[in-house]
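# Coordinate inspection notes
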Amino acid sequence: ALKTFERLANSAADAVRPRAYRKALDVAWFIADPSRMLRLVEEAEQYAVLDRLERVRVLMNKGRAYFKLGDFEASLRAHEEGLQIAKEECSLPDLARSIGMTGGQRIMCGCDIKKGLGEMQRSVSLCQELGDIRHELTGKEIRHIFFVSFGLFKEMDDEFNYILNI
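Keep in mind it's a predicted model, so treat the numbers as computed, not measured.

The next thing to look at is the overall build of the chain. A count of helical and extended segments in the chain gives 9 helices and 0 strands. Secondary structure of the chain in N-to-C order comes out as α-α-α-α-α-α-α-α-α. On C-alpha atoms alone, the chain measures out to a radius of gyration of 16 Å, which is about the 15 Å that the 2.2 N^0.38 rule sets for 166 residues. In terms of principal-axis extent, the alpha carbons of the chain reach across some 50 × 30 × 30 Å.

Below is the structure:
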């Protein structure tokens, strides 16, 4: 799948390339190849220059790649930059994902955990409002990890039961 999307990104019309790169980045994430993700991010960035929302999506993938590489500060910077653009563009789906990824990164790296948890909550609420179950569950999964890590077992149990009811 990765090779297919990479070929499509290299041969398709300019309108299709950003989406092909995004799909290739998703595959690289799921096969846990952060070095390839960063290479794809560099290629995708040139096509995201004129489309600020596509830039947000590229930055989310850049943050994910740096996270996998263990560079949590670079990951947080990429997510924060994407979040700022999503806010400026008022794209609610991109904003919901960006807030969640930024908050999740803050929690994972221990950078302002309180702010990160607040961002995660806003993301989950926005995803619920938008009917985006996939990203709502992703946010709840990260919150679940937070609750377990800090011994918040009542909250963890509530979160788990909510997820089961979806």
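Once the structure has been displayed, the description carries forward.
Bringing the packing of aromatic side chains into the picture now. This model, assessed by the stated rule, comprises 2 aromatic pairs. Taking 5.4 Å as the distance between ring centres and 45° as the angle between the ring planes, the aromatic pair formed by phenylalanine 67 and phenylalanine 72 counts as tilted. Here the guanidinium or amino end of lysine 68 rests over the ring plane of tryptophan 29, the centre of that ring lying 4.6 Å away.

This part is about the packing of helix H5 (residues 72–89) against helix H6 (residues 92–109). It is the contact of H5 with H6, at a shortest axis distance of 9 Å, that shows an interaxial angle of 155°. Between H5 and H6, the crossing angle belongs to the class labelled roughly antiparallel. In this structure, H5 meets H6 at a crossing whose hand is left-handed. Where H5 abuts H6, its residues Phe72, Ser75, Leu76, His79, Glu80, Gly82, Leu83, Ala86 and Lys87 lie against Asp94, Leu95, Ser98, Ile99, Met101, Thr102, Gln105, Arg106 and Cys109. For the contact of H5 with H6, the class distribution of residues is 8 nonpolar, 6 polar and 4 charged.

Moving on, we get to the environment of arginine 36. Its place among the elements puts arginine 36 in helix H3 (residues 34–45). When sequence neighbours within four positions are dropped, the list of residues in contact with arginine 36 reads Leu2, Lys3 and Glu6.

Counting 16 residues, the largest nonpolar core has Leu2, Tyr21, Leu25, Ala28, Met37, Leu40 and Val58 as its most contacted members. Mapped by element, the contributors of at least two residues to this core are helix H1 (2–11), helix H2 (17–30), H3 and helix H4 (52–69). Here this core gets 6 residues from one element, more than from any other, and that element is H2. Leucine 25 has contacts with Met37, Leu40, Val41, Asn61 and Arg64, leaving out every residue within four places of it along the chain. By size, the runner-up hydrophobic cluster in this structure holds 13 residues, among which are Val56, Leu83, Ile85 and Ala96.

The topology assignment puts methionine 37 in helix H3. Residues in contact with methionine 37, not counting those within four places in the same chain, are Leu25, Ala28, Trp29, Asn61, Arg64 and Ala65.

Rules behind the numbers
- Residues numbered from 1 in each chain as written.
- Predicted model: local features only at pLDDT ≥ 70, side-chain atom pairs only at ≥ 80, totals over all residues.
- Heavy atoms only, no water.
- Helix = DSSP H or I, 4+ residues; strand = E, 2+ residues; numbered from the N terminus.
- Rg over C-alpha atoms; globule rule 2.2 N^0.38 Å.
- Phe/Tyr/Trp six-rings, centres within 6.5 Å; stacked < 30°, edge-to-face > 60°.
- Lys NZ or Arg CZ within 6 Å of the ring centre and 35° of its normal.
- Axes fitted to C-alpha atoms, helices over the stretch in contact; angles between N-to-C directions.
- Parallel < 35°, antiparallel > 145°, perpendicular 65-115°, else oblique.
- Left-handed = near helix turned anticlockwise from the far one by under 90°.
- Contact = heavy atoms within 4.5 Å.
- Nonpolar A, V, L, I, M, F, W, Y, C, P; charged D, E, K, R; others polar.
- Core = buried A, V, L, I, M, F, W, Y, C linked by side-chain atoms within 4.5 Å.
- Buried < 20%, exposed > 50% of the residue type's maximum accessible area, 1.4 Å probe, protein only.

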